[in-house]
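Inside the fold
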Amino acid sequence: MVPDMARAATTADAFNAVAEPRRRQILDVLAGGERPVNDLVEQLGLSQPLVSKHLRVLREVGAVDVREEGRQRLYRLNGRALKPIHDWVKDYERSWTERFEQMDVVLEELKTKEEGDGSDE
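So, here's what we can say about the structure.

Parameters at a glance
- Residues numbered from 1 in each chain as written.
- Predicted model: local features only at pLDDT ≥ 70, side-chain atom pairs only at ≥ 80, totals over all residues.
- Heavy atoms only, no water.
- Axes fitted to C-alpha atoms, helices over the stretch in contact; angles between N-to-C directions.
- Helix = DSSP H or I, 4+ residues; strand = E, 2+ residues; numbered from the N terminus.
- Parallel < 35°, antiparallel > 145°, perpendicular 65-115°, else oblique.
- Contact = heavy atoms within 4.5 Å.
- Nonpolar A, V, L, I, M, F, W, Y, C, P; charged D, E, K, R; others polar.
- Core = buried A, V, L, I, M, F, W, Y, C linked by side-chain atoms within 4.5 Å.
- Buried < 20%, exposed > 50% of the residue type's maximum accessible area, 1.4 Å probe, protein only.
- Polar contact = N/O pair within 3.5 Å; in protein donor to acceptor, adjacent residues only side chain to side chain.

**Focus on the packing of helix α3 (residues 21-30) against helix α5 (residues 48-60)**
Viewed as axis vectors pointing N to C, α3 and α5 meet at an angle of 80 degrees, and their least axial separation amounts to 10 Å. By the criterion of interaxial angle, the relationship of α3 to α5 is roughly perpendicular. Contacts between α3 and α5 involve Arg22, Arg23, Ile26, Leu27 and Leu30 from the former and Leu50, Val51, His54, Leu55, Val57 and Leu58 from the latter. Per-class residue counts for the contact of α3 with α5 are eight nonpolar, one polar and two charged.

Take a look at the structure:
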């Protein structure tokens, strides 16, 4: 039972699916355009069964679409499925931006003070 529960958690949504580094690598490659499995295998240096396993998980959450062209299956990124991740991160981006702006102000004040201290000597 425990292995099934772990698998269910992995494939439940895009957040869990992209938590696995190899899946993120696959998404990175597919962001450059549609690819057959063999291209992914070659580019990532992973075994074909492993790439296929990760593609299945990504397909289950909708992050990857597949189409057949002759005997090949071509995989492509489905950005709509990743939108919840983007929306979630966007909230944090505002916070990071504010903090970096505050840090810029402090650094500028320190730089000005340092320049002032250097000219007094």
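Back to the write-up after that little detour.
**What about the nonpolar core?**
One finds Ile26, Val51 and Leu55 to be the most contacted residues of the largest nonpolar core, which totals 23 residues. Here Ile26 is in contact with Leu40, Leu44, Val51, His54, Leu55 and Leu58, once residues within four sequence places are set aside.

**What to know about the environment of Arg76**
Residue placement: Arg76 occurs in strand β3 (residues 72-77). Sequence-wise, Arg76 and Val29 are 47 residues apart; in three dimensions their C-alpha atoms are separated by 9.3 Å. Setting aside chain neighbours within four positions, we find Arg76 in contact with Leu30, Glu34, Ala63, Val64, Asp65 and Arg67. Side-chain polar atoms of Arg76 contact the side chain of Glu34, separated by 3.1 Å.

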